[in-house]
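A structural walkthrough
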Amino acid sequence: MDETSEIIRQRREKARGLADQNIELYPNDFEVSHRVDGVREHIHQLKEGEESTAVFAMAGRIMALRGFGKAAFIHFRDYTGQIQAYIKRDEIGVEQYALFKQFDVGDFIGIKGSVFQTKTGEWTLFAKEIRLLCKAIRPLPEKFHGLRDPEKRYRQRYLDLLMNPNVRDVFIKRARIIESFRNFLLERSFLEVETPMMQPVPGGAEATPFKTFHDALGMELFLRIAPELYLKRLVVGGFERVFEINRSFRNEGISSRHNPEFTMLEFYQAYATYEDLMSLTEEMFRFVTQRVLGETHFTYQGNAIDMTGPWRRLTLKDALSELGGIEPSMWNDRQRLLDFAKSEGVEIKKARRAGNILMKLFDVLVEPKLIEPTFVVGYPVEVSPLARRSSEEPDITERFELFIGGREIANGFSELNDPSDQKRRFLDQVANREDGDQEAHHMDEDYVVALEYGMPSTAGEGVGIDRFVMLLTDSASIREVILFPQLRKAGQ
RNA sequence: GGGCCGUUAACUCAGUUGGUAGAGUAUCUGCCUUUUAAGCAGAGAGUCGCGCGUUCGAGUCGCGCACGGCCCA
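Residues numbered from 1 in each chain as written. Chains lettered and ligands numbered in written order. Predicted model: local features only at pLDDT ≥ 70, side-chain atom pairs only at ≥ 80, totals over all residues. Heavy atoms only, no water.

**Notes on the environment of N251**
Note on placement: N251 falls in the loop between strand 10 (241-249) and strand 11 (261-270). According to the relative accessible area criterion, N251 is partly exposed, its value standing at 37%. The contacts of N251, once residues within four sequence positions are left out, are T208, P209 and F210. Polar contacts involving the side chain of N251 include one to the main-chain carbonyl oxygen of P209, which spans 3.5 Å. (Helix = DSSP H or I, 4+ residues; strand = E, 2+ residues; numbered from the N terminus. Buried < 20%, exposed > 50% of the residue type's maximum accessible area, 1.4 Å probe, protein only. Contact = heavy atoms within 4.5 Å. Polar contact = N/O pair within 3.5 Å; in protein donor to acceptor, adjacent residues only side chain to side chain.)

**Quick word on the domain arrangement of chain A**
When the domains of chain A are assigned, the result is domain 1 (2-140) and domain 2 (161-311 + 372-480). On a C-alpha basis, the centroid separation for the pair domain 1 and domain 2 is 48 Å. With five residues of domain 1 at the interface, the matching set in domain 2 holds four residues. Carbon and sulfur atoms supply 55% of the area buried between domain 1 and domain 2, which totals about 420 Å² over both sides. Together, R77, Y79 and L140 form the three largest contributors to the area buried by domain 1 at its contact with domain 2, with a combined 74%. There are zero salt bridges connecting domain 1 and domain 2. (Domains from an automatic or database assignment. Buried area = accessible area lost by both parts, 1.4 Å probe. Salt bridge = Lys/Arg side-chain N within 4 Å of Asp/Glu carboxyl O.)

**Let's talk about the sheet that holds strand 5 (residues 123-134)**
Taken in spatial order, the five strands close into a barrel running 1-2-3-5-4, and their pairing is mixed. The mean inter-strand angle of the sheet, taken between neighbouring strand axes irrespective of direction, is 55 degrees. The pairing of strand 3 (residues 81-88) with strand 5 spans three bridges and is parallel. Within strand 5, the residue paired with Y86 across the bridge is F126. Each of strand 1 (56-67), strand 2 (71-78), strand 3, strand 4 (108-117) and strand 5 is contacted by helix 2 (residues 36-43), which is oriented at about 75 degrees to strand 3, the strand it contacts most. (Pairing = 2+ DSSP bridges. Axes fitted to C-alpha atoms, helices over the stretch in contact; angles between N-to-C directions.)

**Let's talk about unusual backbone geometry**
With an omega of 0 degrees, the peptide bond running from G309 to P310 counts as cis. Along the chain, P310 falls in the loop between strand 13 (303-306) and strand 14 (312-315). Although it is not a glycine, N22 adopts a positive phi angle of roughly 65 degrees. Of note, N22 is situated in the loop between helix 1 (6-20) and helix 2. Positive phi values are uncommon outside glycine, yet Y271 reaches one of about 65 degrees. Structurally, the position occupied by Y271 is in the loop between strand 11 and helix 9 (274-293). Here Y271 falls in the exposed class, since its relative accessible area comes to 56%.

**Considerations on the packing of helix 7 (residues 165-187) against helix 9**
Close contact between helix 7 and helix 9 brings their axes to 9 Å; oriented N to C, the two are set at 140 degrees. The orientation of helix 7 relative to helix 9 falls into the category oblique. Crossing geometry of helix 7 relative to helix 9 is assigned as right-handed. Counting all contacts with helix 7, which are made through K173, R176, I177, S180, F181, N183, F184 and L185, the residues of helix 9 involved are L280, E283, M284, F285, F287, V288, R291, V292 and L293. A per-class count over the contact of helix 7 with helix 9 returns eleven nonpolar, two polar and four charged. (Parallel < 35°, antiparallel > 145°, perpendicular 65-115°, else oblique. Left-handed = near helix turned anticlockwise from the far one by under 90°. Nonpolar A, V, L, I, M, F, W, Y, C, P; charged D, E, K, R; others polar.)

Set out below in structure tokens:
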């Protein structure tokens, strides 16, 4: 369909015409001396109205073109910024100007020239020499409205990045966020590691995995739903502080909050407790927010959020009763919870146990109310199969979840390092699975063996990077913070 | 999975009670040597997402499908 489009046909002919004149359409030997930000620095040294003696060799894309017959202004863009350039026939010569006339918005060109100030005071690259660096065959979207069609924005993200500066900023911020988390942990002697994404037993979370198959090994493998169990094996191996920032995969529906592949930070610290991690978490998020935004407060979807701290701590019990209206007497009564869920219009899968129903009710009724950063603590053992039991209350684990902007952002706990308790917990999960709970944990014998060699007391945490990027960029959908979000196959 | 909305030129969008498709930007031609959403004059450009149906006639009405968005679960 595009192939018959008039504009593309014209561009192809134009390209052919240039090639016929022995003009290279895609050369790679242009030497760049300056980028736009470098020129802007240079400008500070110039006096008003003065033309630079220095010559700049610059490469970039034509983003706008205003021609006047024998002269033209263009907007010329590279990664570091945009600058205006002035192309004048009497300066570059008749032959070069004729070449310039065949350039289009979207083409990459090389310009050698000085810098001067126009009548209106704008510093402008004054071309002495121009060159085609890459001919664009397809026209860019309209400059004023940019690219709006959300489907096209996701499928052809390069156009989105090119035309919508706010989108570009989101992804630059995303990179800074990840960089800041990494720096924070590196400064505290955490070792960055990579653990398998293809796992024989998927573990570390309650989720449905993607299946794959290794032909040579004749072996079924799962894309990881979390790196947790491997990172803790590394703690067994003597790496007392480790972290990993990378993708996990969950075979679930796609929504404005879920992408099948998403990025988590997980980190583990030996001889720390979940209390220590809450302090560290507060410090870490404050650090990242300050680094990325330059301040520790921001607005998310109309809600003011202050990361300064100290953050509120709330027991799950209090959160459920005070914010969700669920009395503690209902906690272990599966039938009453089901009835309550029904009365609240919350749909529950049949196989779920009381603890899971409780968590579902929490997700729907309580979570959206936790706008300011809040630690919720005191999760039941039933829904925390990898977390250490509280010494005072054995049915409760030493676990917290962090909520910001009505979303779960992090989940951390003192790790269960008693191999026999871990084995019992796995067996309990396997029973759930046999009762039809697809998301219950698998038995991981190999992990139990690792614990039998001895894992020091450890605390660990997972952070949803995409969700936090959403917060700091005020993005309503996860698709706005993932460069290439998962979509269905394009229609014809 | 359910509900609502969308899909029209390269892009952003109009399109009336059903009568055979428009604008702006972009493109092409001409004029224009300090413009910045440059300007002036002219021109070309469409499988109206796909399919079936109703109708003398469908961008418009109905059904199905595809893709996307929002909300619910």
